[in-house]
Amino acid sequence: MKRTIKVKNVTIGEGIPKICVPMVGETVEQLAEEAKALKTMDLDVIEWRVDFFEDVEDVPKVIGALSEIRSIISGIPLVFTFRTAKEGGEKQLSQAAYKTLYIEVIETGMVDLIDLELFTSESDLKMLIKEAHSRNVFVIISNHDFLKTPSKEEIVSRLRKAQELGADIPKIAVMPTHPRDVLTLLDATLEMDENYADCPIVTMSMGGKGMVSRITGEVFGSALTFGAAKKTSAPGQLPVSKLREFLALMHKSI
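Computed from a predicted structure; not experimentally measured.

**Q** A description of the pairing of strand β6 (residues 113-117) should follow, citing residues and the corresponding values.
**A** Of all 5 residues in β6, 5 are buried; the element is thus mostly enclosed. A two-sided burial pattern is seen for β6, the buried positions comprising L113, D115 and E117 on one face and I114 and L116 on the other. Pairing of strand β5 (residues 78-81) with β6 involves 3 bridges; the strand directions are parallel. Bridge assignment links V79 to a residue of β6, and that residue is L113. You can see the chain leave β5, run along helix α3 (residues 95-108) and come back into β6, and the turn it takes is right-handed.

Shown next as structure tokens:
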């Protein structure tokens, strides 16, 4: 039986897919303003995309900003993510800096989940997963392809690899170049959900063509979807209010 993930008062992996909204502020002031705005929205999870933060290479400043964010959104589950440039992020860190950043943040006890990239050094990935789990921090292992949609078999393979490495939530986001690519992503999601997943999974097809994948998770097996407040962190994200409306309509219809 597939397990769910309980983060604060949010259970990921049952019922309507949960809505996660990224924070993309570049300064502490912008982040505080974002956090206050997000606190008023109908969302389930907040993701801090720290690669947007101007002082991301200064770990004490990252932790200071994290403390400010957490003081504002105390009861809301928080995901900490450094998205690398090679997977669509704003900046690139050395492997050593990437590892240090995550270790220091995990040890603060101020984040509920971390997002690690599947194609990180496997030894570092295993070490960070172990460190996170020792502090009761859940781990998303993600992969992003902003150029294309891999084959169904490859998508399933990457999700299974993330799960085997110890992910609490395997995640993949791909770019469609044709409407058939969206079908490929949805078919792979269903295949993973029905035959291999022992935990919640998250999948999405990006851009306008893939927008449908962000609202059909309950049908095909994706447990979390990403919405936007003002600025999107990936192409195809819908405004939170519209996303909630579509998810509720989908839930009522199935």
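**Q** Break down helix α5 (residues 152-165) for me, with residues and values.
**A** Taking 1.5 Å as the rise per residue, α5 with 14 residues should run 20 Å; its terminal C-alpha atoms sit 20 Å apart, in good agreement. For α5, the full list of buried residues reads I155, V156, R158, L159, A162, Q163 and L165. Considering only its buried residues, α5 is in contact with α4 (122-134), β7 (138-145), β8 (169-174), α6 (179-195) and β9 (202-205). One or two residues past the end of α5 sits G166, with phi positive at roughly 120°.

**Q** Please give an account of a negative patch on the surface that cites residues and values.
**A** Together, E26, E29, E54, E68 and E90 line one region of the surface with negative charge. Residue position: E29 is located in helix α1 (residues 28-38).

**Q** Can you break down the packing of α1 against helix α2 (residues 59-72) residue by residue, with the values?
**A** Here α1 crosses α2 at 20°, and the two axes come no closer than 9 Å. It follows from the interaxial angle that α1 and α2 lie roughly parallel. Like other packed secondary-structure pairs, α1 and α2 cross with a definite hand, here right-handed. Of α2, the residues touching α1 (which contributes V28, L31, A32, A35 and K36) are A65, E68, I69 and I72. The residue inventory of the contact of α1 with α2, partitioned by class, reads 7 nonpolar, no polar and 2 charged.

Procedures and definitions
- Residues numbered from 1 in each chain as written.
- Predicted model: local features only at pLDDT ≥ 70, side-chain atom pairs only at ≥ 80, totals over all residues.
- Heavy atoms only, no water.
- Buried < 20%, exposed > 50% of the residue type's maximum accessible area, 1.4 Å probe, protein only.
- Helix = DSSP H or I, 4+ residues; strand = E, 2+ residues; numbered from the N terminus.
- Pairing = 2+ DSSP bridges.
- Right-handed = clockwise from strand over helix to strand, strands pointing away.
- Expected span 1.5 Å × (residues − 1).
- Contact = heavy atoms within 4.5 Å.
- Patch = residues over 30% accessible without salt bridge, like charges linked within 9 Å, V, L, I, M, F, W, Y side chains within 5 Å.
- Areas by Shrake-Rupley, 256 points an atom, 1.4 Å probe, with all protein chains shown as cover.
- Salt bridge = Lys/Arg side-chain N within 4 Å of Asp/Glu carboxyl O.
- Lys, Arg positive; Asp, Glu negative; His and termini not counted.
- Charge placed at Lys NZ, Arg CZ, Asp CG, Glu CD.
- Axes fitted to C-alpha atoms, helices over the stretch in contact; angles between N-to-C directions.
- Parallel < 35°, antiparallel > 145°, perpendicular 65-115°, else oblique.
- Left-handed = near helix turned anticlockwise from the far one by under 90°.
- Nonpolar A, V, L, I, M, F, W, Y, C, P; charged D, E, K, R; others polar.

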